[in-house]
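Spelled out, the chains give:
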Amino acid sequence: MKEQIDAALFRDIIICAGAALEQNRQLINDLNVFPVPDGDTGTNMSLTMGAAATELAKRDFDSLGAAADCAAGAMLRGARGNSGVILSLLFRGLAKKLKGRGTADSRLFAEAMTAGVDAAYKAVMKPAEGTILTVSRVATSSAVEFAEHGGDLELMFSCAIESAQEALADTVNLNPVLKRAGVVDAGGKGYVFILEAALAVLRGEAYVPAEQYESRPAAEIKDRADFAEFDEGEINFAYCTEFICSRDNDRDPERMRQWLTTIGDCVVLVDDDEIIKVHVHTNSPGDVLSVALTYGQLLKVKIENMREQHSEMAGGEAPAAEAPAEPEIAPAEKAYGAVAVCAGEGMAELFRELGADRIVTGGQTMNPSTEDILNEVNRTPAETVFVFPNNKNIQMAAEQCARLTEKQVVVIPTKTVPQGISAMLMMDESASVEELRENMLEAAEGVHTALVTYAARDSEYDGYDIRAGEYLALMDGALLGSFKELDSLFAAISDRAEEFSPSVLSVYYGEDVTGEEAEKAASGLAERFPDAEMSVVNGGQPVYYYMVSIE
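Worth saying up front: this structure is predicted, and the values here are computed from it rather than measured.

**Some details on the nonpolar core**
Okay, so step 1: The biggest cluster of nonpolar side chains holds 79 residues, and the ones touching the most others in it are Phe-10, Met-49, Phe-91, Leu-98, Phe-109, Met-156 and Phe-157.
Okay, so step 2: Setting aside its immediate chain neighbours within four residues, Met-49 contacts Ile-14, Ala-17, Gly-18, Leu-21, Met-75, Leu-87, Phe-91 and Ile-194.

What follows is the structure in structure tokens.
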């Protein structure tokens, strides 16, 4: 019976765990279907643990804390893939709890395992149950419960393994992707191998991995996931991007973590005093690396095309994926610049005439990402960049840019293109940033916007019985009604505009409207408000036949 883990025993556990993962690497790979079928969990976990085993095998340690710290550092630097990074987090938290300790009894080691689980859950932006996180959490809870009453480390790990195997078998029920494939979680299986390796070392036995799932009938669980069952379209982000960069400044890594969630998924970021380790699935690996360089030098980079991996496993050919160009960062040549979001060449040209430096194509049904906006912010040759999202669904994406660039970013929360145009008219090089912001907000708030589009399907909404193909009118986002004729629609807009006593009316017509049709539609407004200044502009925007600015 062993009641203490010292440095030598811990080193043996890590080395044996590395060997176990390598021995079962392909078995784990064949299970992998979550979060996308990239099929490399076993390889990633093996290389991650192998990095620690290699370092620990090089030398002796005078304390358990020192050995654990060495392992955690090596795993952080050697971590690959989502599963590898999570694994490194489990041991990083464990090492922090064991810092300065010569040995650990069952209670302390169980507490250290808990610290590891907490670190892993904290680092993953959207923890998913039915994964290695679940298996490690359940196993650790069992270890803690045993340690409260007993000191036998072998029995503690036996309890942890039993609970881990039960949790692993249940992952097929917890996650719908695993349930479709009929397999357990690959990362969770790898974690069970690690626990079994630890127990084998504690018992002084040769490591023999358990191959059976005791909690479920064998017929219900497949030995291998069928990747052909999954459509490539389920892979929303093509590139598995991993890197380690040095920490050469005091920029908060949390800013990077938040941005990564806007341009990809499966985000895991861990950091210490010297480096930052990141794993993300994205369509823009070049932009990810450019942002990383604002924190420090790149020390290690790996980018893999998951669609190509999926196609190879399914027996097909992967479609070509075009890697995006590296973003440009323009030096400041003036105090203020502007980036506007809009759709339609006419709208874009209008913003350029008003002084916008860069245009981001987007709007309703085609919201740009933070990355899209950030690229144009960085390309704006100004110290302070004002961003006009011109859509409430784009505002949050725009606001993320402030954390990701050295330029000062001021987002004016314009909800429509007409609001953005009025706000842009307030640009004044002699004013302060705060004065400009207040003037732009005031100008935008003074604009009411009517939008004319069409009904894509039959529906009942807000008391209106709507039929597909009918014209829809909205005023400041609220539905005015559904119409079969434009004349009655513009009459309704005029009735509502009466409440605002307009002095300026601007009609921007879209790509499906001719100039003659637009002049006719605007004539009704002109007759209704003869004292208002009227203009008709070719905006060329999609989706909306007309945008009417009422000031």
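**Some points on the pairing of strand β16 (residues 546-550)**
Okay, so step 1: For β16, the tally of buried residues reaches five of five residues, placing the bulk of the element in the interior.
Okay, so step 2: By the alternation rule, side chains of β16 split into Tyr-546, Val-548 and Ile-550 and Met-547 and Ser-549, which are all buried.
Okay, so step 3: Bridge count for strand β9 (residues 448-454) against β16 is five bridges, and the pairing is antiparallel. Residue pairing in the sheet places Ala-450 in a bridge with Val-548 of β16.

**Things to note about the pairing of strand β5 (residues 334-342)**
Okay, so step 1: β5 sits mainly inside the fold: seven of its nine residues count as buried.
Okay, so step 2: Sheet analysis places β5 next to strand β7 (residues 382-388), joined by six bridges and oriented parallel. Bridge pairing links Ala-340 to Phe-388 in β7.
Okay, so step 3: Alignment of β5 against strand β6 (residues 358-361), held across four bridges, turns out to be parallel. Bridge pairing links Cys-342 to Thr-361 in β6.
Okay, so step 4: Taking the sense of rotation as the criterion, the β-α-β connection linking β5, helix α14 (residues 345-354) and β6 turns out right-handed.

**Comments concerning the packing of aromatic side chains**
Okay, so step 1: What the rule picks out here adds up to five aromatic pairs.
Okay, so step 2: Centre to centre, the rings of Tyr-336 and Phe-386 are 5.8 Å apart; their planes meet at 70°, and the pair counts as edge-to-face. Highlighted residues: Tyr-336 in strand β5 and Phe-386 in strand β7, separated in sequence by 50 residues.
Okay, so step 3: The class of Tyr-336 is buried, set by a relative accessible area of 8%.
Okay, so step 4: On the numbers, 5.7 Å between centres and 70° between planes, the contact of Tyr-471 with Tyr-545 is edge-to-face. Highlighted residues: Tyr-471 in strand β12 (residues 471-475) and Tyr-545 in the loop between β15 (533-538) and β16, separated in sequence by 74 residues.
Okay, so step 5: These aromatic residues form a ring-pair network of at least three members: Tyr-454, Tyr-471 and Tyr-545.
Okay, so step 6: Arg-251 extends its terminal NZ or CZ atom over the ring of Tyr-295, reaching a point 4.7 Å from the ring centre.

**Describing empty space enclosed by the protein**
Okay, so step 1: One pass over the structure, following the stated rule, counts four cavities of 30 Å³ or more.
Okay, so step 2: Lining the largest cavity are 16 residues, with Phe-91, Leu-94, Phe-109, Met-113 and Tyr-191 sitting closest to its centre.
Okay, so step 3: By residue class, the composition of the lining of the largest cavity is 14 nonpolar, two polar and no charged.

**What to know about a negative patch on the surface**
Okay, so step 1: On the surface, Asp-428, Glu-429, Glu-435, Glu-438, Glu-442 and Glu-445 cluster together into a patch of negative charge.
Okay, so step 2: With relative accessibility at 46%, the residue Glu-438 sits in the partly exposed group.

**Regarding the side chain of Arg-11**
Okay, so step 1: For Arg-11, the position within the fold is in helix α1 (residues 7-23).
Okay, so step 2: Only 2.7 Å separates the side chain of Arg-11 from the side chain of Asp-60, close enough to count as a polar contact.
Okay, so step 3: Not counting residues within four places of it along the chain, the set of residues in contact with Arg-11 comprises Leu-56, Ala-57, Arg-59 and Asp-60.

What counts, and at which threshold
- Residues numbered from 1 in each chain as written.
- Predicted model: local features only at pLDDT ≥ 70, side-chain atom pairs only at ≥ 80, totals over all residues.
- Heavy atoms only, no water.
- Core = buried A, V, L, I, M, F, W, Y, C linked by side-chain atoms within 4.5 Å.
- Buried < 20%, exposed > 50% of the residue type's maximum accessible area, 1.4 Å probe, protein only.
- Contact = heavy atoms within 4.5 Å.
- Helix = DSSP H or I, 4+ residues; strand = E, 2+ residues; numbered from the N terminus.
- Pairing = 2+ DSSP bridges.
- Right-handed = clockwise from strand over helix to strand, strands pointing away.
- Phe/Tyr/Trp six-rings, centres within 6.5 Å; stacked < 30°, edge-to-face > 60°.
- Lys NZ or Arg CZ within 6 Å of the ring centre and 35° of its normal.
- 1 Å grid on protein atoms, 1.4 Å probe; cavity = no way out; pocket = protein on both sides within 12 Å on 5 of 7 lines; lining within 4 Å.
- Points joined across faces, edges and corners; volume = space filled by probe spheres on them.
- Nonpolar A, V, L, I, M, F, W, Y, C, P; charged D, E, K, R; others polar.
- Patch = residues over 30% accessible without salt bridge, like charges linked within 9 Å, V, L, I, M, F, W, Y side chains within 5 Å.
- Areas by Shrake-Rupley, 256 points an atom, 1.4 Å probe, with all protein chains shown as cover.
- Salt bridge = Lys/Arg side-chain N within 4 Å of Asp/Glu carboxyl O.
- Lys, Arg positive; Asp, Glu negative; His and termini not counted.
- Charge placed at Lys NZ, Arg CZ, Asp CG, Glu CD.
- Polar contact = N/O pair within 3.5 Å; in protein donor to acceptor, adjacent residues only side chain to side chain.

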